[in-house]
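The lines below spell out each chain.
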Amino acid sequence: MPALNRTPLHDLHAALGAKMVPFAGYEMPVQYGPGVMKEHLWTRDHAGLFDVSHMGQVILRPVSGDIADAARAFETLVPVSLLSLKEGRQRYAMFTNDQGGILDDLMVAHRGDHLFAVVNAACKDSDIAHMTANLSDQMQVVPVTDRGLLALQGPDAERVLAALVPDVADMRFMDVGVFDWNNVELWVSRSGYTGEDGFEISVPAPQSVDLAQALLADDKVEPIGLGARDSLRLEAGLCLYGSDIDDTTTPIEAALNWAIQKARRSGGERAGGFPGADVILGQLETGVLRRRVGLRPEGRAPMRAGTKIFAGDTQVGTITSGAFGPSLGAPMSMGYVAVDHATTGTTLEGEVRGKRMPVTVADLPFRPSTYKR
Amino acid sequence: MKFTEDHEWLRVDGDVVVVGITDHAAEQLGDVVFVELPETETKVTKGDDIVVIESVKAASDIVAPLDGEIVAVNDDLSDNPGMVNEDPTGTAWFFKMKVEDMAQLDGYMSEDEYQEMIA
């Protein structure tokens, strides 16, 4: 097995008592001393600091110097409107394949003279190859390998980050900006993966530990591992690439219709023109056979990924993520269910250890998000 | 007290054996969120899966450490599974069993041997 990569915060994790695990080729903290449940609840009540430096950061610079050329080129790979993305804003997107499946999901930001993408760690090499192969004529694809990425999430996040960088208090959800902190250039977005208000902060690798420690110096900030990151995102109804979405699920099956703006839909100004457009736009018109939904198991036993869902004797779905929701005080799952059985409130059965247990289709998110809009 | 390789502790209490999981096991499991206990009066054979523990990480089983019959289960765990993390070797016992042959206990580890195994 090749040696695992380390993030710039590796030694800090060790000093903070993290339990490290291999994740997407990196050695990452899965939890710290308090454990997943307490870390999750702390983030909801105060603020959690996450090391997400394993994710891919990529700058896309238009060869022509015109940002519209970069946006137009990028639109050939995603079903998302990027020409309408305003400077200082970011948008959720996904790379699709010719079958309409999802190659990865990502954030794309408009930063004046270039675009900035943040992609999943496990997909970053293939994403960069995909962008390089398809976009090189129109733009330079420049992986950013000398910066760490931190996420500060929770109700205290604004107060804590604004104590270091006052102007972030003026940002709203999905704003991006460049800020100075002690002569260190921070690339900040008001976004995250927890359903909480918060920020994601790209910081030069050599100053990553200093920034993390400056944030952790506030007694309302605790370091949070990947374990709680997963239960937080699941309560927030957010997809995990590789589990809830992959190259066999389309954005429409995944109930990500909201991410496809009118301009890219049939009849729109720039309809289609992305891989799998025939499939995806067709599904928008005529519907899908299965759809990603929330599922609430009865009782306390979680129904985990792989659990089969039945209506009577017929299997009608499969769970793709499942865990106990610390803020819900109950188990929660996400999965794909045949549309005839996917209406909120429908009671189905999940097969757990050979026994059929009741599970009810539920709206997502399980817990309302608290983004600052 | 005796210990199994599956990280259970066994405590003889009169003519029954009380069974729970060790501090080490509870720590490895992480926060326990659900415990499924057997019915009382269930006859069990050593090695049967009789308890399911779900933690924030995964599901695990507890096996019957001895041949016998379940005579009591700790219903408090169903309502408050977090007890398993707080007091695994005390209030968070799982079940009590009446054992056919107490000599089966002799095959299990002493505390020192168990500590050595997990060291």
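Residues numbered from 1 in each chain as written. Chains lettered and ligands numbered in written order. Predicted model: local features only at pLDDT ≥ 70, side-chain atom pairs only at ≥ 80, totals over all residues. Heavy atoms only, no water.

## Quick word on the overall build of chain A
Our working definition: What counts as a helix is a DSSP run of H or I of at least four residues, what counts as a strand is a run of E of at least two, and both are numbered from the N terminus. Note that the radius of gyration is over C-alpha atoms, with the globule rule given as 2.2 Å times the number of residues to the power 0.38. Exposure is judged per residue with a 1.4 Å probe applied to protein chains only, and the accessible area is read against the type maximum: over 50% gives exposed, under 20% gives buried, and values in between give partly exposed. In this description, contact between two residues means that some pair of their heavy atoms is separated by no more than 4.5 Å. Note on areas: Shrake-Rupley with a 1.4 Å probe; residue coverage comes only from the protein chains shown. Neither His nor the chain ends is counted toward charge; the positive residues are Lys and Arg and the negative residues Asp and Glu. Here the site of a charge means atom NZ of a Lys, CZ of an Arg, CG of an Asp or CD of a Glu.
Counting secondary structure elements, chain A contains eight helices and 19 strands. Here the C-alpha atoms of chain A give a radius of gyration of 21 Å, agreeing with the 21 Å that 2.2 N^0.38 yields for 373 residues. With respect to the three principal axes, the spread of C-alpha positions in chain A is 65 × 50 × 45 Å. Buried positions account for 58% of the 373 residues belonging to chain A. When contacts within chain A are restricted to residue pairs at least 6 apart in sequence, long-range pairs at least 24 apart make up 65% of them. Of the accessible surface of chain A, which amounts to about 15,000 Å², a share of 50% is contributed by carbon and sulfur atoms. A distance of 5 Å separates the average location of the 35 positive side-chain charges in chain A from that of its 46 negative side-chain charges.

## Let's talk about the domain arrangement of chain A
Residue and element names in this part refer to chain A. This is how the line gets drawn: As used throughout, domain bounds are those supplied by an automatic or database domain assignment. Summed over both partners, the accessible area (1.4 Å probe) lost when two parts come together is defined as the buried area. When a carboxyl oxygen of Asp or Glu lies within 4 Å of a side-chain nitrogen of Lys or Arg, that pair is called a salt bridge.
When cut into domains, chain A gives domain 1 (10-53 + 146-235) and domain 2 (289-366 + 369-373). For domain 1 and domain 2, the distance between their C-alpha centroids amounts to 29 Å. With 17 residues of domain 1 at the contact, the number on the domain 2 side is 17 residues. When the area that domain 1 buries against domain 2 is broken down by residue, the three leading residues are Phe173, Leu234 and Glu235, summing to 46%. Along the contact surface separating domain 1 from domain 2 lie one salt bridge. Of the charged contacts in the structure, one is a salt bridge between Glu158 and Lys372, with a shortest N-O distance of 3.2 Å.

## A word on the pattern of salt bridges
Residue and element names in this part refer to chain A. Applying the stated rule across the entire model yields 24 salt bridges over all chains. Linking Arg233 and Asp230 is a salt bridge whose minimum nitrogen-to-oxygen distance equals 3.0 Å. On the criterion of helical spacing, the pair formed by Arg233 and Asp230 is a turn pair, its members being three residues apart in helix H7 (residues 226-235). By relative accessible area, which is 1% here, Arg233 ends up buried. Ionic pairing is found between Arg233 and Asp244, a salt bridge with its closest N-O pair at 2.8 Å. Taken together, the residues span a long stretch of sequence, with Arg233 in helix H7 and Asp244 in the loop between H7 and helix H8 (277-286) at a distance of eleven residues. What emerges from the salt-bridge pattern is a single network uniting Arg44, Glu196, Glu235 and Arg367.

## Regarding the sheet that holds strand S4 (residues 32-36) of chain B
All names here are of chain B. Quick note on the threshold: At least two bridges found by DSSP between two strands is the condition for calling them paired. Convention adopted: a line fitted to C-alpha atoms gives each axis, helices being fitted over their contacting stretch, and angles between N-to-C directions are expressed from 0 to 180 degrees.
If you trace the three strands from one edge of the open sheet to the other, you get S4-S6-S7, paired in antiparallel fashion. Each having just a single partner strand, S4 and strand S7 (59-63) make up the two edges of the open sheet. Between one strand and the next, the sheet's axes are offset by a mean angle of 25 degrees, whatever the strand orientation. Pairing geometry for strand S6 (residues 49-55) and S7, over five bridges, is antiparallel. Paired with Asp49 across the two strands is Val63, which belongs to S7.

## A look at the pairing of strand S9 (residues 95-99) of chain B
Residues and elements named next belong to chain B. The side-chain alternation of S9 yields one buried face, formed by Phe95, Met97 and Val99, and one unburied face, formed by Lys96 and Lys98. Relative to S9, strand S3 (residues 16-21) runs antiparallel, the two being bridged by four bridges. Counted as the bridge partner of Val16 is Lys98 from S9. Pairing of strand S8 (residues 68-73) with S9, which is carried by five bridges, proceeds in the antiparallel orientation.

## Describing the packing of aromatic side chains
Residues and elements named next belong to chain A. Rules: Here a Phe, Tyr or Trp ring, Trp counted by its six-membered ring, pairs with any other such ring whose centre lies within 6.5 Å, and the pair is stacked when the planes are under 30 degrees apart, edge-to-face when over 60, and tilted otherwise. Two thresholds decide whether a charge sits over a ring: the Lys NZ or Arg CZ must be within 6 Å of the ring centre and within 35 degrees of the ring normal.
Applying the stated criterion across every chain yields a total of five aromatic pairs over all chains. Ring centres of Phe74 and Phe95 lie 5.8 Å apart, and the angle between their planes is 25 degrees; this geometry places the pair in the stacked category. Within this pair, whereas Phe74 is found in helix H3 (residues 67-74), its partner Phe95 is found in strand S5 (residues 90-96), the two being separated by 21 residues in sequence. We note that Phe74, like Phe95, is buried. Note on Phe116 and Trp187: the rings are 5.2 Å apart at their centroids and 80 degrees apart in plane angle, and the pair reads as edge-to-face. Of the two residues, Phe116 sits in strand S7 (residues 115-119) while Trp187 sits in strand S11 (residues 184-189), which places them 71 residues apart along the sequence. Summarising the burial analysis for this pair, Phe116 and Trp187 share the class buried. Geometry around Phe116 places Arg111 over its ring, the cationic atom sitting 5.0 Å from the centre.

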